[in-house]
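Residues per chain, in single letters:
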Amino acid sequence: MKKFTSVILLSSFMVGCVSIDDLPYVGAFDQTSKEGKFVEEYDFTAKSYETGDLTTTQDTRNIYLNSLGTIPDDSLRLYAQTILTKIVENGPKVPLQPEIQIGANMNPGAITVKSGTIFLNHSLFDYLENEDQIAFIIAHEYSHLLLQHFTSDLFTTMHPYLVTAADIAVGQAGKNPHSGKGIRLYGTDLMARDVLLPFWSRQNEAEADRLGVDLMVAAGYNPNESLKALTIIDEYEKQFEASFEVERNALEKEILAENHSSKNNDKFNLVESIQTAFKDLQTTVAKEHPDAQERMQDVFEYTEREYSEAAFRDLTKAEFASVVAANQEILDKYKKAFEIRRTLVSEPKLSAAQFAELESTARWTISGSTQNHPYTRQTMSLVREYKGAYELALKNLELTENTDGFLPGPMEMNRIQWLKQTRQNEEAFDRTKEVGEYYDWPLATFREAIELGQVLGKKQEVTGFRLACVAKHPQSRDLCQ
Amino acid sequence: MKGTLSFWGEFGEMLKRWFIIAMVMLLPFAAAKAMAEDMTPAVVSLPGLNLKLYSEASRDAEIVDTIMPSEFPPTVLYIDTSSNGMHKIRLQNYEKPVWVKSTRVTLPKIDRKVEIACESTAVAKTGQSGKGLGDRSTCKKN
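In this report, we go over the structure that sits alongside the text. (Residues numbered from 1 in each chain as written. Chains lettered and ligands numbered in written order. Predicted model: local features only at pLDDT ≥ 70, side-chain atom pairs only at ≥ 80, totals over all residues. Heavy atoms only, no water.)

All names here are of chain A. Per the counting criterion, the structure on display carries 27 salt bridges over all chains. In this structure, the salt-bridge partner of Glu-129 is Lys-228, at a minimum N-O distance of 3.5 Å. With Glu-129 in the loop between helix 5 (124-127) and helix 6 (131-146) and Lys-228 in helix 10 (residues 224-243), the pair connects residues that are 99 residues apart, well separated along the chain. When its relative accessible area of 21% is taken as the criterion, Glu-129 is described as partly exposed. The shortest N-O distance in the salt bridge between Glu-205 and Arg-295 comes to 3.6 Å. On the criterion of sequence distance, the pair formed by Glu-205 in helix 9 (residues 202-218) and Arg-295 in helix 13 (residues 292-306) is long-range, its members being 90 residues apart. Across this residue pair, the class does not change: Glu-205 and Arg-295 are buried. The network of salt bridges with common partners includes Glu-412, Arg-415, Arg-431 and Glu-434. (Salt bridge = Lys/Arg side-chain N within 4 Å of Asp/Glu carboxyl O. Helix = DSSP H or I, 4+ residues; strand = E, 2+ residues; numbered from the N terminus. Buried < 20%, exposed > 50% of the residue type's maximum accessible area, 1.4 Å probe, protein only.)

Note on terminology: a disulfide is the covalent bond linking the sulfur atoms of two cysteines. All names here are of chain A. With the rule as written, the count across this model stands at one disulfide over all chains. The disulfide bridge from Cys-469 ends at Cys-480, spanning 2.0 Å between sulfur atoms. Its S-S torsion of about -70° marks the bond between Cys-469 and Cys-480 as left-handed, since a negative value means left-handed. With Cys-469 in helix 22 (residues 459-472) and Cys-480 in the segment after helix 22, this pair connects stretches of sequence that are eleven residues apart. (Disulfide = S-S within 2.5 Å.)

Looking at the secondary structure, you find Glu-427 of chain A in helix 20 (residues 425-438). Between the C-alpha atom of Glu-427 of chain A and that of Ile-416 of chain A, which follows or precedes it by eleven residues, the distance is 8.3 Å.

Residues and elements named next belong to chain A. With 16 residues, helix 6 extends 21 Å between its outermost C-alpha atoms, agreeing within 8% with the 22 Å of an ideal straight helix rising 1.5 Å per residue. Among the 16 residues of helix 6, 16 are classified as buried, and the element is accordingly described as predominantly covered. Taking the backbone nitrogen of Asp-132 as reference, a side-chain oxygen 3.2 Å away marks Asn-130 as the first, capping residue of helix 6. Positioned one or two residues after helix 6, Gln-148 has a phi angle of 50°, which is positive. (Expected span 1.5 Å × (residues − 1). Polar contact = N/O pair within 3.5 Å; in protein donor to acceptor, adjacent residues only side chain to side chain.)

This part is about the packing of aromatic side chains. For any two aromatic rings, the description comes down to two numbers: the centre-to-centre distance and the angle of the planes. Residue and element names in this part refer to chain A. In this structure the tally under the stated criterion is 18 aromatic pairs over all chains. For the ring pair Tyr-79 and Phe-320, a centre distance of 6.5 Å and an interplane angle of 55° mean the geometry is tilted. A residue pair is termed long-range when its members are at least 10 positions apart, and Tyr-79 in helix 4 (residues 75-89) and Phe-320 in helix 14 (residues 318-326) qualify at 241 residues. Its relative accessible area of 0% is what places Phe-320 among the buried residues. Each residue in the set Phe-429, Trp-441, Phe-446 and Phe-465 is aromatic and connected to the rest through ring pairs, giving one cluster. Residue placement shows Lys-37 over the ring face of Tyr-307; its charged tip is 5.2 Å from the ring centre. (Phe/Tyr/Trp six-rings, centres within 6.5 Å; stacked < 30°, edge-to-face > 60°. Lys NZ or Arg CZ within 6 Å of the ring centre and 35° of its normal.)

Here we come to the packing of helix 17 (residues 374-386) of chain A against helix 19 (residues 409-421) of chain A. Residue and element names in this part refer to chain A. Between helix 17 and helix 19, the shortest axis-to-axis distance is 11 Å and the interhelical angle comes to 30°. Our classification of the angle between helix 17 and helix 19 gives roughly parallel. You can see that helix 17 and helix 19 cross each other, and the crossing is left-handed. Along its contact with helix 17, which presents Pro-374, Gln-378, Ser-381, Leu-382 and Glu-385, the element helix 19 presents Pro-410, Met-411, Asn-414 and Trp-418. A class-by-class count of the residues in the contact of helix 17 with helix 19 yields five nonpolar, three polar and one charged. (Axes fitted to C-alpha atoms, helices over the stretch in contact; angles between N-to-C directions. Parallel < 35°, antiparallel > 145°, perpendicular 65-115°, else oblique. Left-handed = near helix turned anticlockwise from the far one by under 90°. Contact = heavy atoms within 4.5 Å. Nonpolar A, V, L, I, M, F, W, Y, C, P; charged D, E, K, R; others polar.)

This part covers unusual backbone geometry. For Asp-404 of chain A, which is not a glycine, the phi torsion comes out positive at approximately 55°. Turning to its location among the elements, Asp-404 of chain A is positioned in the loop between helix 18 (390-398) and helix 19. When its relative accessible area of 54% is taken as the criterion, Asp-404 of chain A is described as exposed. One non-glycine residue, Asn-93 of chain B, lies in the positive phi region at around 75°. Tracing the sequence through the fold places Asn-93 of chain B in the loop between strand 6 (86-90) and strand 7 (98-101).

Our focus in this paragraph is helix 17 of chain A. All names here are of chain A. Between its terminal C-alpha atoms helix 17 stretches 18 Å, which fits the 18 Å expected from 13 residues at 1.5 Å a residue. With 13 of 13 residues buried, helix 17 is to be regarded as a mostly interior element. Downstream of helix 17 by a residue or two, Gly-388 has a phi angle that is positive, lying close to 75°.

What follows concerns the nonpolar core. Residues and elements named next belong to chain A. Core analysis: the biggest nonpolar cluster contains 69 residues, and Ile-87, Leu-120, Phe-125, Ile-137, Ile-138, Tyr-142 and Leu-146 have the highest contact counts within it. In terms of residue count, helix 6 provides more of this core than any other element does, nine residues in total. In this structure, this core is formed jointly by two domains, domain 1 (2-322) and domain 2 (327-480), each of which donates at least three residues. Grouped together as the second largest cluster of nonpolar side chains are 35 residues, Ile-340, Val-383, Tyr-390 and Leu-452 included. (Core = buried A, V, L, I, M, F, W, Y, C linked by side-chain atoms within 4.5 Å. Domains from an automatic or database assignment.)

Rendered as structure tokens:
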């Protein structure tokens, strides 16, 4: 239990304590405050756009490992791709061919991976109002690619810890569906957001904002909408954060309670070392990361200064509205699925009538066009798990659209837990090995393989997994036992 | 009879004059009341930066005035929104309506009333707009 506590504690620092809005403003930096258009000042030829051995498959698989999946329907993706293409064609000539995927997450955000895929969270189509706004988000993400913002030491250092936290927590939460509110946070939109959230420094964000504005203007959009997009995202991000506040507070209490009972036995002193590491992290974040208001002000001043005429361009509303309307059913079902997931986390004891209503709504989310979507199917499977109907929960996973035969990481971890619940340990063991292989052996798969191997008496394989686990996750070696 | 008619005629004339005077005097109050009923809350973003008031919604527009957000009234009379996302509003102390960028001045009640043009086959259901939690949009058929 102490190992689990350490990891959860680590997560709580990330999700609960590093509040960007509370951080002090430490003044503008010199690099991006000078006059002139960023796109004209920057030397793109000096950048190497080689990704080395990294393939798109590997890169996107890392996202799927920690995400809640993508939307299999192509309509939103193709629309966003046309906007991206317009931005790329009118931007600097570089050897990049970025692609769009629409990730399932109610948090209004986006992630870009080095090999060139931009993941837009589906909720952006709920919250944003026109094509100009989403063009800014896409242009901003593409700017991170253009400027090769992928070497943040802080994020690189922090990421393995967070992934470790997610790995363990997802697996642990699946073992006990009636565990505390905080622990049940894992596998939620919040957890997926936190683990996948990239960390950009103040300078990186300001550069991507300015270049994003340049690119959206070059593609014919109204740069004023960049400010509106940032305002809307800030507003809904705050709502999203607030909606999980109770569970976060519960998580802190659960951690403290568990930590109190296990600290004396923590021979690796992992808890304290993590606490120290995250204090350092918070200090660095406070110095480096911009808050929303600061970004908005910078974007507004830049637009006023450099694009006073383009700021009067007509907005591109009709096509955006048409695409959103055409996908309204999907967006509505995802919104309902999110509400169901929230209810399952926050309400450990639903009345029969409440559960019946929830189940009925969950059925609706897997009807028609969303019947095989990972986000909606996982929701239905969690409803089944809530009542201990593990066979039915597994059935829902089988009906989900997969990639190469695999589901997003949290769903595969659920599958392994539910196979164990239904006494299919051999199947669980085999699946754990397949999932481990596919996702390049995250820590949670090693832990499951070791545990299941012990139960099944596979001593030799268990020894092999322990050694491989320590070699691959040296920072978490005590969790490989 | 003639004298009586004349009395009533003069009295009628007098009443008519008083009525007109009363109407003229009450008109500003009535207009103010009507205006107050149409007033909508306004929120200015970036409180530390000046806000420009424009004469029209085009790049040739004159800047009528530049004010601090703290000087901006909490409610305004909304008139229209242009295709480039500017709001036409009436402010007290300004003879003519002014235009402001909707990125700076948000009118929560107006901005959320989303009217979209869409395909006849893709009519959004009322109450399931997706335009933010709890908001509604309507789908106008072309």
